[in-house]
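As a plain string of letters, each chain reads:
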Amino acid sequence: MTTTAHLKIFRGDAQQGVMVDYQVPVAPGMVVLDAVHAVQATQAPDLAVRWNCKAGKCGSCGGEVNGKPRLMCMDRMDKYPAGEPITIRPLKTFPVIKDLATDVSWNYSVNKSVPAFQPPPGQDELNFSQAEADRVQEFRKCIECFLCQNVCHVLREHEKYDDFGGPRFFVRVAGLEMHPQDQADRTGLVKDDLGLGYCNITKCCTEVCPESIAITDNAIIPLKERVADRFYDPLRALWRLLFGSKS
Amino acid sequence: MSKYQTVDYDVVVVGAGGAGLRAAIEASAEGAKTALVCKSLLGKAHTVMAEGGVAAALANVESRDSWQTHFRDTMKGGKFLNQWRMAQIHAQEAPERVRELERWGAVFDRTGDGRILQRNFGGHTYPRLAHVGDRTGLEIIRTLQDKGVHDGIDVFMECTIRRILLDDGRVAGCFGYHRESGRFVVFQTKAVVLATGGIGRCWQISSNSWEYTADGHAMALWAGADLIDMEFVQFHPTGMVWPPSVQGTLITEGVRGEGGVLLNGNRERFMFRYIPEMFQGEFAETEDEATRWITAVVAGQRPDARRPPELLTRDVVARAIRREVREGRGSPHGGVFLDIASRRTPDVIKKKLPSMYHQFKELADVDITREPMEVGPTCHYMMGGVRVHSETQESTVPGLFAAGEVAGGMHGSNRLGGNSLSDLLVFGKRAGEHAAHFARSHSAATIDERQVNAAAAEALAAFDSAQGENPYAVHEELRALMQTYVGIVRTEEDLQHALEQLQSLRQRAARAKVGGNIQYNPGWHLALDLKNMIDISEAVTRAALVRQESRGAHTREDYPDTSAEWGKYNLIVRQSGATLTVDKSSLPEMPDELKQLLKSE
């Protein structure tokens, strides 16, 4: 009952590359990453691909399978029509290092710009309810696969790497800002440094999130509301005009 | 002479899972110029896969809990072979390490009164595991990562360390390569903290990622350090068994902690038949009693019944499952059933075990809120590792420290679930602190160019083979060999066979052939890793041959009993020339007050 899968995998680097055809036998329950590993083990030992957990928990193996951003370890082969080739490309938004591995270091530099959690001073142990935890735990499910960054048109088409943080970091900031005990204020950061205003809530990020985080509804829109409240509320602007900048 | 980049640090931490990150944070806080080197991207290390929770006697859910009870549970779980001082420090310091994480932004699940919630787990007397659903490891690694990036630590991602460089017996640095470019790099440093995790890629059915290729164990061995307890490899009772794609993928013990039960192919709840003598009287003896315990726990009450036998220690449960399957009472795909669907409501299952739900739904077409899972043992954790000083985590090589899974001694012959995340926090911190102290109190050592050139030549050898072995194929054979002959149950004959085969695999690995160039070349990387894996597989096999008894995770079919005499010794593996030696080392004497704790029930 062994069937054969036909893969077309990008081989190359940032300068050049080609789609190379491979055939591998398909086993029950196989995922795209298994097929890529089978190619690696039998036909292309130097094929570069990242992975770790193979269970959708680490976010290492993002790629574009038949044009759709996917975690390859959670992408079942039997979902694709038998007999038709499956194309596998690296994430488009980040520079290719080699084959399916891309340079995602930009994300790590953005992360550094986000001020850390700031607990209330002098408390050994924090106290908050599960309902309060639920709100931020959604954001903390993020596995940093960067699929949301990959599909965000502000990055993918407009390449606003210098002015925009991307959905991943709105999720990160939301997780800090909505933490019931956090003392820091990152509203200015999301408005200015992370360029939240560039997001026009097309929800592409939400659609691709393998952790089903409601990125747009639960992270981005509430942050936009906070920015609007702080910086664009006419009553507050008047208050600031009259009594100084501290609101 | 090889070309290489040289960088200079006080402390170099190898590995960026929980132990490495925690060590780097502490070393940096102590004022050491600190590098953190990892094979993957930051935040992807194996800690991310830890699911069930971190064990700490916070006593938030059960006020009777204390470090003393945690200590006793840990020693009992390890069948008393643990380094008692490590187990004591671990039990005493784990609560503060967990509270500290919370102050750094970790968001654990909460109790009704707003404190950190704790769940039951195998071998723990009381609900002790602070957790976040079933993704506790992700929470811990992300918290440490987000703390660490603000602490002035230099992170070298996708960089593999291959060799410890020595100057007259002490650490002078370490040698490695950037995975992306293939370029060599020498870290000149006074202290190295190994935090490289485990060795699970030596077995075929494993919950471990590609990174677990025994790097730190092997580098320590080659540098002349002692390894301890190498015969003890933990097979987690519940890995996925079907489909083949996910065979070995972990299913958290939290499923049983939340009330899940194990059933054989005849739908019989078999664990009642496997309660070992040392745990007699501590576990429920009837289904009714076990159900009463779960009912009370679910209702948040103190149970008046004993715990279900599914919560026995991992070594016991893994052996029981193996036996049920061997004796023809397995599930259709050669495992047993783990059922939570009949115990908890779909909403609770999805809330407390979200990634288990997701994982089975997506990868196995099983809805765990409606049907049982099929499970079987999977190679999961290495109890053995670098022999370290219990307080400082320094190995027998000056300047070489180890923390987390790569360090040995803390867990004895079997680790309790939840004690790994706490181990890496407690001893990661200590390793970082003492590595920084070491660096401060020692002058710089000198890098020996010859060692660098030898390491570089060794690394490039695979490109010179005109024709040779496919490293992937050799690796698969190693995994099959260890699975069959050095698995859960061992015999002298099997172990001898494994030793012979390892020799032949070693020769074949030396002829591994690599295509392509040095840039991001996984085939090359694997060819290099084969040496670590084969050497450490041999260390495990040799220690397993010497220990002629069954204890914890080490089961000898030809020596089925636990022997009081063998309980007096740890085994130490060392490299002597080209061979590995195994020596007995007496357990350190335990103070009377701790002995009393172990006696008290």
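Per chain, the residues get numbers from 1 upward, laid out in the order the sequence is written. Whichever chain is written first becomes A and whichever ligand is written first becomes 1, with later ones labelled in order. Residues qualify for local features only when their pLDDT is at least 70, as the model is predicted, and side-chain atom pairs are given and counted only at 80 or more; totals for whole chains, interfaces and linings, by contrast, use all residues. Neither water nor hydrogens contribute to the side-chain values; these are computed over all heavy atoms in the structure.

**Q** Run through the overall build of chain A, naming residues and quoting values.
**A** Secondary structure is summarised from DSSP: a helix means a run of H or I of at least four residues, a strand means a run of E of at least two, and numbering begins at the N terminus for each. Scanning chain A from N- to C-terminus turns up 10 helices and 7 strands. Dimensions of chain A, computed from the C-alpha atoms along their principal axes, are close to 75 × 40 × 30 Å. Taking all 247 residues of chain A together, the buried fraction comes to 55%. Contacts in chain A between residues at least 24 apart in sequence constitute 61% of all its contacts with a sequence separation of at least 6. Within this scheme the basic residues Lys and Arg register as positive and the acidic residues Asp and Glu register as negative, but His and the chain ends are omitted. Charge coordinates come from a single atom per side chain, which is NZ of Lys, CZ of Arg, CG of Asp or CD of Glu. Of the charged side chains in chain A, 29 are positive and 31 negative, and the gap between their average positions amounts to 1 Å. Using a 1.4 Å probe on the protein chains alone, a residue whose accessible area is under 20% of its type maximum counts as buried, one over 50% counts as exposed, and one in between counts as partly exposed. Residue contacts follow a heavy-atom distance rule, with two residues in contact if any of their heavy atoms lie within 4.5 Å.

**Q** Give a detailed account of the interface of chain A and chain B, specifying residues and quantitative values.
**A** Counting from both sides, the interface comprises 58 residues of chain A and, opposite them, 62 residues of chain B. As used here, buried area is the combined drop in accessible area, with a 1.4 Å probe, of two parts when they are placed together. Buried surface at the junction of chain A and chain B, both sides included, amounts to about 5,000 Å², of which 51% is carbon and sulfur. What makes a salt bridge here is a side-chain nitrogen of Lys or Arg within 4 Å of a carboxyl oxygen of Asp or Glu, nothing more. For the interface between chain A and chain B, the tally reads 10 salt bridges. When the shortest N-O distance is used, the salt bridge between B:D146 and A:R172 registers 3.0 Å. We define a polar contact as two N or O atoms separated by no more than 3.5 Å, with the added condition that, inside protein, one atom must be a possible hydrogen donor and the other a possible acceptor, whereas residues neighbouring each other in sequence contribute only through side-chain atom pairs. Applying the counting criterion to the chain A and chain B interface returns 43 residue pairs in polar contact (both at pLDDT 80 or more).

**Q** Report on a nonpolar patch on the surface, specifying residues and quantitative values.
**A** There is a patch of nonpolar side chains on the surface, built from A:L238, A:W239, A:L241, A:L242 and A:F243 and spanning about 630 Å² of accessible area. As for its position among the elements, A:F243 is in helix α10 (residues 234-243). In this scheme, patches are assembled from residues that exceed 30% relative accessible area and form no salt bridge. Like charges are connected within 9 Å, while nonpolar side chains (Val, Leu, Ile, Met, Phe, Trp, Tyr) are connected within 5 Å. Surface accessibility in these figures is a Shrake-Rupley result with a 1.4 Å probe; residues are shielded only by whichever protein chains are displayed.

**Q** Account for the domain arrangement of chain A, naming residues and giving values.
**A** Residue and element names in this part refer to chain A. You can read the domains of chain A as domain 1 (3-102) and domain 2 (105-243). Just the C-alpha atoms count here: the centres of domain 1 and domain 2 sit 31 Å apart. Contacts between domain 1 and domain 2 engage 14 residues on the former and 16 residues on the latter. With both sides pooled, the region where domain 1 packs onto domain 2 buries about 1,100 Å², and carbon together with sulfur makes up 58% of that total. For domain 1, the biggest contributors to the area lost against domain 2 are P69, T93 and F94; these three give 47% of the whole. Counting across the domain 1 and domain 2 interface gives 1 salt bridge. With a shortest N-O distance of 2.8 Å, R156 and E64 are connected by a salt bridge. The interface formed by domain 1 and domain 2 includes 5 residue pairs in polar contact (both at pLDDT 80 or more). Reported domain spans reflect what an automatic or database domain assignment gives.

**Q** Please set out the side chain of B:T69 residue by residue, giving values where relevant.
**A** Residues and elements named next belong to chain B. Locating T69 in the fold gives a position in helix α2 (residues 67-77). Since its relative accessible area comes to 15%, T69 is described here as buried. Side chain to side chain, T69 and S66 meet in a polar contact 3.0 Å long. Setting aside anything within four residues of it in sequence, one finds T69 in contact with R64, T125, Y126 and R128.

**Q** Kindly report on the sheet that holds strand β1 (residues 3-12) of chain A, identifying the contributing residues and their values.
**A** All names here are of chain A. A pair of strands counts as paired when DSSP detects no fewer than two bridges linking them. In spatial order, the strands read β2-β1-β5-β3-β4; together these 5 strands make up an open sheet with mixed pairing. With one partner strand each, in any of the chains shown, β2 (17-26) and β4 (68-71) form the two edges of the open sheet. When the angles between neighbouring strand axes are averaged without regard to direction, this sheet yields 35°. Note that β1 and strand β5 (residues 86-89) share 3 bridges and pair parallel. Its bridge partner being in β5, L7 is matched across the sheet by I86. Contacting β1, β2, β3 (62-65) and β5, helix α1 (residues 32-42) runs over the sheet at an angle of about 75° to β1. Helix axes are fitted to C-alpha atoms over the stretch in contact, other axes to C-alpha atoms as well, and angles between N-to-C directions run from 0 to 180 degrees.

**Q** Which residues make up the environment of A:K98, and what values go with them?
**A** By the element assignment, A:K98 lies in strand β6 (residues 96-98). A sequence separation of 91 residues divides A:K98 from A:L7, and the C-alpha atoms of the two residues are 18 Å apart. The residues touching A:K98, leaving out its near neighbours within four places in the chain, are A:G12, A:D13, A:D46, A:A48, B:Q519, B:Y520 and B:N521. Of the polar contacts made by the side chain of A:K98, one reaches the backbone oxygen of A:D46; its length is 2.9 Å. Within polar-contact distance, the side chain of A:K98 engages the backbone oxygen of B:Q519 at 2.9 Å.

**Q** Could you give an account of the nonpolar core, naming the residues involved and the relevant values?
**A** The set of buried Ala, Val, Leu, Ile, Met, Phe, Trp, Tyr and Cys residues whose side-chain atoms join them within 4.5 Å is what this entry labels a nonpolar core. A:M72, B:I164, B:F187 and B:L194 are the most contacted members of the largest nonpolar core, which has 232 residues in total. Here B:F187 is in contact with B:V7, B:Y9, B:V12, B:A35, B:V37, B:F156, B:C159, B:I161, B:A172, B:G173, B:C174 and B:I447, once residues within four sequence places are set aside. Of all hydrophobic cores here, the second largest spans 18 residues; its members include B:F175, B:Y177, B:V452 and B:W524.

**Q** Can you lay out the layout of surface pockets for me, pointing to particular residues and giving the numbers?
**A** All names here are of chain B. What the second largest pocket holds in volume is close to 1,100 Å³. A 1.4 Å probe that fits into a set of points on a 1 Å grid over the protein atoms alone but cannot get out defines a cavity; an open set with protein on both sides within 12 Å along at least five of seven lines defines a pocket, and lining residues are those with an atom within 4 Å of a point. Surrounding the second largest pocket, 44 residues form its lining, N120, T125, Y126, P127 and R307 being those nearest its centre. Those elements that place two or more of their residues in the lining of the second largest pocket are α2, β4 (118-119), α7 (287-298) and α9 (346-352). The element best represented in the lining of the second largest pocket is α2, accounting for 5 residues. Per-class residue counts for the lining of the second largest pocket are 14 nonpolar, 14 polar and 16 charged. Of the domains in this structure, domain 1 (5-235 + 380-449) and domain 2 (240-378) are the two that each give at least three residues to the lining of the second largest pocket. Grid points are joined across faces, edges and corners, and a volume is the space filled by probe spheres set on the points. Each residue is assigned to one class: nonpolar for Ala, Val, Leu, Ile, Met, Phe, Trp, Tyr, Cys and Pro, charged for Asp, Glu, Lys and Arg, and polar for all the others, Gly among them.

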